[in-house]
Structure formats: C-alpha cells, structure tokens
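Listed below are the residues making up each chain.
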Amino acid sequence: EAGVAQSPRYKIIEKRQSVAFWCNPISGHATLYWYQQILGQGPKLLIQFQNNGVVDDSQLPKDRFSAERLKGVDSTLKIQPAKLEDSAVYLCASSTGQGRSYEQYFGPGTRLTVT
Amino acid sequence: AQSVTQLDSQVPVFEEAPVELRCNYSSSVSVYLFWYVQYPNQGLQLLLKYLSGSTLVESINGFEAEFNKSQTSFHLRKPSVHISDTAEYFCAVSLVYSGAGSYQLTFGKGTKLSVIP
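Residues numbered from 1 in each chain as written. Chains lettered and ligands numbered in written order. Predicted model: local features only at pLDDT ≥ 70, side-chain atom pairs only at ≥ 80, totals over all residues. Heavy atoms only, no water.

A. Up close: the packing of aromatic side chains. Scanning the model with the defined rule gives 13 aromatic pairs over all chains in all. Pairing Tyr 35 of chain A with Phe 107 of chain B gives two aromatic rings, centres 5.8 Å apart and planes at 85°, and the pair type is edge-to-face. One end of the pair, Tyr 35 of chain A, is in strand 4 (residues 31-37); the other, Phe 107 of chain B, is in strand 11 (residues 106-107), on a second chain. Taking the centre distance of 4.5 Å and the plane angle of 25° together, the rings of Tyr 50 of chain B and Phe 67 of chain B count as stacked. You can see Tyr 50 of chain B sitting in strand 6 (residues 44-50) and its partner Phe 67 of chain B sitting in strand 8 (residues 64-68), a full 17 residues away along the chain. For the pair Tyr 50 of chain B and Phe 67 of chain B, one class covers both residues: buried. (Phe/Tyr/Trp six-rings, centres within 6.5 Å; stacked < 30°, edge-to-face > 60°. Helix = DSSP H or I, 4+ residues; strand = E, 2+ residues; numbered from the N terminus. Buried < 20%, exposed > 50% of the residue type's maximum accessible area, 1.4 Å probe, protein only.)

B. The environment of Pro 108 of chain A, seen in detail. Within the secondary structure, Pro 108 of chain A is located in the loop between strand 10 (105-106) and strand 11 (110-114). Taking relative accessible area as the criterion, Pro 108 of chain A reaches 25% and is therefore assigned partly exposed. Filtering out sequence-adjacent residues up to four positions away, Pro 108 of chain A remains in contact with Val 4, Gln 6, Arg 9 and Leu 91 of chain A together with Gln 42 and Gly 43 of chain B. (Contact = heavy atoms within 4.5 Å.)

C. Focus on the side chain of Gln 37 of chain A. Examined against the element boundaries, Gln 37 of chain A turns out to sit in strand 4. On the basis of relative accessibility, which here comes to 8%, the residue Gln 37 of chain A falls in the buried class. A distance of 3.3 Å separates polar atoms of two side chains, one belonging to Gln 37 of chain A and the other to Gln 38 of chain B. Sequence-distant contacts of Gln 37 of chain A, that is, excluding residues within four places in its chain, are made with Gly 42, Pro 43, Ala 88, Val 89 and Leu 91 of chain A together with Gln 38, Leu 44 and Phe 90 of chain B. (Polar contact = N/O pair within 3.5 Å; in protein donor to acceptor, adjacent residues only side chain to side chain.)

Honestly, it's all geometry; don't read function into it.
Written out as structure tokens, the structure is:
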C-alpha cells in the first residue's frame, strides 16, 4: 500500500512570494489533514477535509493560506503572500474517515524556508 | 480544549540503558492517547496508542506506555534502547469520537531522544 505522498520536499522562497504544496493521500482515505510544524514545536492542525468538504479550518490563517481538495482525493495548500514566520514543515496526513478512524498516516512533509 | 506537555525537550541516553519520555495532558473530557515517532527527514509514524482497556500498551519494537488517569500522564518507556531509536517522539491526544471533526490530534512539542554508543 502506497503511503501519503507530498511534493515538493523542500522549497525556498522570498517573503511576499506565493507557494503551493501538493498532497496525495492513501487510496480510499476520506479524511485529509494539513499540519504546520514549526521548528521546535509539535505539529499544529491547519485544516481538515472529509472527502471534498472542509470539516475544520479554524486554525488556518485565511488571509494568506488557502486549501482545496477537489474531487475528494488530492489536496493543495497555498500561501500567498508568504511571511518569514511561515517557515516550517507542512505535513499532510490521511485517515479512512470511517468508524473509529483514529489512526492518521503522515507524509514526509514539505520543508518551507522563507527568506 | 485539550493540551499536551512533554516535559523534556531532549533526552540523551547510553545504548542499552533504559529511558522514559514523559507526557502529561489536560482535558475536561475523555481522550485517546498516542505516541508518534519521527525519524530524520521522515514523516510521523504511529508508535502506540491507548483507546480503552488495559492501561499498559506496547509497541512491536519494545516501547511501552502506561495511561494514568489520576495523574493525567502517558509516559513512554523502553528498558533497553538501541542506536536506531534515535528520533523525535511526540505525544498526542484526540477527543473520543463525537461526530464530524473528531480525531483531530493535539501534539506536544516533542522530545528528541539521542542514543549514545
């Protein structure tokens, strides 16, 4: 079974530029999560999708961050414009979304550096 | 809202020595508890979980954790560590399922375990 795929693995941009991250969850997983992991901290949930609908985006800075999950499979997370404090690893995770789907499977992450 | 505190940011330990990584949580309702491990340049992997039943849970690679409700703790232990255990370990909680939006994980800040040869 293929795991959660993310690209790119690394990205360096200047502040005020835009950037997009892509995530392909495990096949058949209905629930998809995006987390932000700042150096020295644990991952923080940004947004949760159930199929192609948003379940919770209360911690997503909507003035600059956006995310979509068209067709309920792949997802993209965009930052526009980026700030220095957005430097972090962006993790995507997925779960079955059925029954007691408490286990989340994480991708390798995208390390973003904003200069 | 729930929160997780990992008291040690870094734990160095000699190979074959025992180790304990501490985790305390705060929640007004029942939670599920998890330990995730993150090896360098990799994503998080589930190490073990407590959902219900026996308060002592074990992983396949020799780690164990004990749920202590009165002390709101879920400490991770291993009697003899190996070089390959060097990684960062995250404790996390999730509310017991109650509908849409559940199973969101709240993580601690992590503990870096360094095993010294």
